[in-house]
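# Coordinate analysis (summary)
Read off the chains here:
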Amino acid sequence: MKPSKKLARVFLGSYFIWAFGALLFWLLLIKDGGALPIIIFVLACLDLAGIIVARVMYSKQYKVFFILSVISFFLLNVFVVGGFVTEAIYTSKGIPAVYAWVFASVNLALVALMDYNYIRDLITSYHKNMVAHGLIEEKEEEI
């Protein structure tokens, strides 16, 4: 991921957000039990795999990178917001946890910052990458 340092930082940050955000959602769901925590854990692991594969595909196949990273970051956002909402539900039931509020709030802010930087970098480098990978041709301006 040498062409874009900003995007490399976004992916590095997404690993930390995944470790504290997606897994927080899974840990909060374990309180109630059932099959939902298992499903969420499997989806979270697939999300991490998608983030890693998207990072590898950046220099090899840009279209695969783009599709996979959008899906993976969207799923990561769902997990972080899900963890925040789940803790709000537990607090309204009368069983709050301070650590969960701290992690959920920090992860919500970090995921918003990550999304902003990810979208900004994709917008600025989209055309350049498509031309570099030969998917579109650069048009010359006529004077």
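Data block above holds the structure.
This section reports on the structure supplied with the text. In this text the structure is predicted, and so the values were computed from the model without any measurement. Every chain is numbered on its own, with residues counted from 1 as its sequence reads. Residues qualify for local features only when their pLDDT is at least 70, as the model is predicted, and side-chain atom pairs are given and counted only at 80 or more; totals for whole chains, interfaces and linings, by contrast, use all residues. The side-chain values count all of the structure's non-hydrogen atoms but skip hydrogen atoms and water molecules.

### Topic: the packing of helix α1 (residues 5-29) against helix α2 (residues 36-57)
Two packed helices can be described by the angle between their axes and the distance between those axes. Worth spelling out the cut-off: Every axis corresponds to a line fitted to the C-alpha atoms, with the helix fit spanning only the stretch in contact, and the corresponding angles, defined between N-to-C directions, vary from 0 to 180 degrees. Put simply, DSSP marks the helices as runs of H or I at least four residues long and the strands as runs of E at least two long, and each gets a number from the N terminus on. Roughly parallel means an angle under 35 degrees; roughly antiparallel means over 145; roughly perpendicular covers 65 to 115; every other angle is labelled oblique. Note on contacts: a residue pair is in contact if any heavy atoms of the two residues lie within 4.5 Å. As a working rule, the residues Ala, Val, Leu, Ile, Met, Phe, Trp, Tyr, Cys and Pro are called nonpolar, Asp, Glu, Lys and Arg charged, and the rest polar, with Gly in that last group.
The contact between α1 and α2 brings their axes to 9 Å, and the two run at 175°. The pairing of α1 with α2 is recorded here as roughly antiparallel in orientation. For the pair α1 and α2, contact is made by Ala8, Phe11, Leu12, Ser14, Tyr15, Trp18, Ala22, Leu23, Phe25, Trp26 and Leu29 and by Leu36, Pro37, Ile40, Phe41, Ala44, Cys45, Asp47, Leu48, Ile51, Ile52, Ala54 and Arg55, respectively. Across the contact of α1 with α2, the residue classes tally to 20 nonpolar, one polar and two charged.

### Describing a nonpolar patch on the surface
Note the cut-off: The patches reported here contain residues having more than 30% relative accessible area and no salt bridge. Joining distances are 9 Å for like charges and 5 Å for nonpolar side chains (Val, Leu, Ile, Met, Phe, Trp, Tyr). Each accessible area value is a Shrake-Rupley result obtained with a 1.4 Å probe; residue values ignore everything except the protein chains displayed when judging cover. Take a side-chain nitrogen of Lys or Arg and a carboxyl oxygen of Asp or Glu: if they are within 4 Å of each other, that pair is a salt bridge. Exposure categories follow from relative accessible area, calculated using a 1.4 Å probe and restricted to protein chains: below 20% of the type maximum is buried, above 50% is exposed, and the middle band is partly exposed.
Together, Leu36, Ile38, Ile39, Phe41, Val42, Leu43 and Leu46 make up an exposed nonpolar region whose accessible area comes to about 630 Å². In this structure, Leu36 sits in helix α2. With a relative accessible area of 46%, Leu36 lands in the partly exposed category.

### Describing the packing of aromatic side chains
Definition in use: To pair, rings of Phe, Tyr and Trp, with the six-membered ring standing in for Trp, must have centres within 6.5 Å; the planes then decide the type, stacked if under 30 degrees apart, edge-to-face if over 60, and tilted in the middle.
Under the defined criterion, the tally for this structure stands at eight aromatic pairs. Ring centres of Phe11 and Phe73 lie 5.2 Å apart, and the angle between their planes is 45°; this geometry places the pair in the tilted category. Linking Phe11 in helix α1 with Phe73 in helix α3 (residues 62-93), this pair joins segments that are 62 residues apart in sequence. There is no split in this pair, since Phe11 and Phe73 are both buried.

### Observations regarding the side chain of Ser14
Short version of the rule: A 3.5 Å cut-off defines polar contacts: any pair of N or O atoms within that distance qualifies, except that in protein one atom must be a possible hydrogen donor and the other a possible acceptor, and neighbouring residues in sequence count only when both atoms are side-chain atoms.
Tracing the chain through its elements places Ser14 in helix α1. Exposure remark for Ser14: the relative accessible area of 0% places this residue in the buried category. From its side chain, Ser14 meets the backbone oxygen of Phe11 in a polar contact 2.6 Å long. Discounting chain neighbours no more than four positions away, the residues touching Ser14 are Ile51, Phe73, Leu76 and Met114.

The values reported here are purely geometric and, on their own, carry no functional implication.
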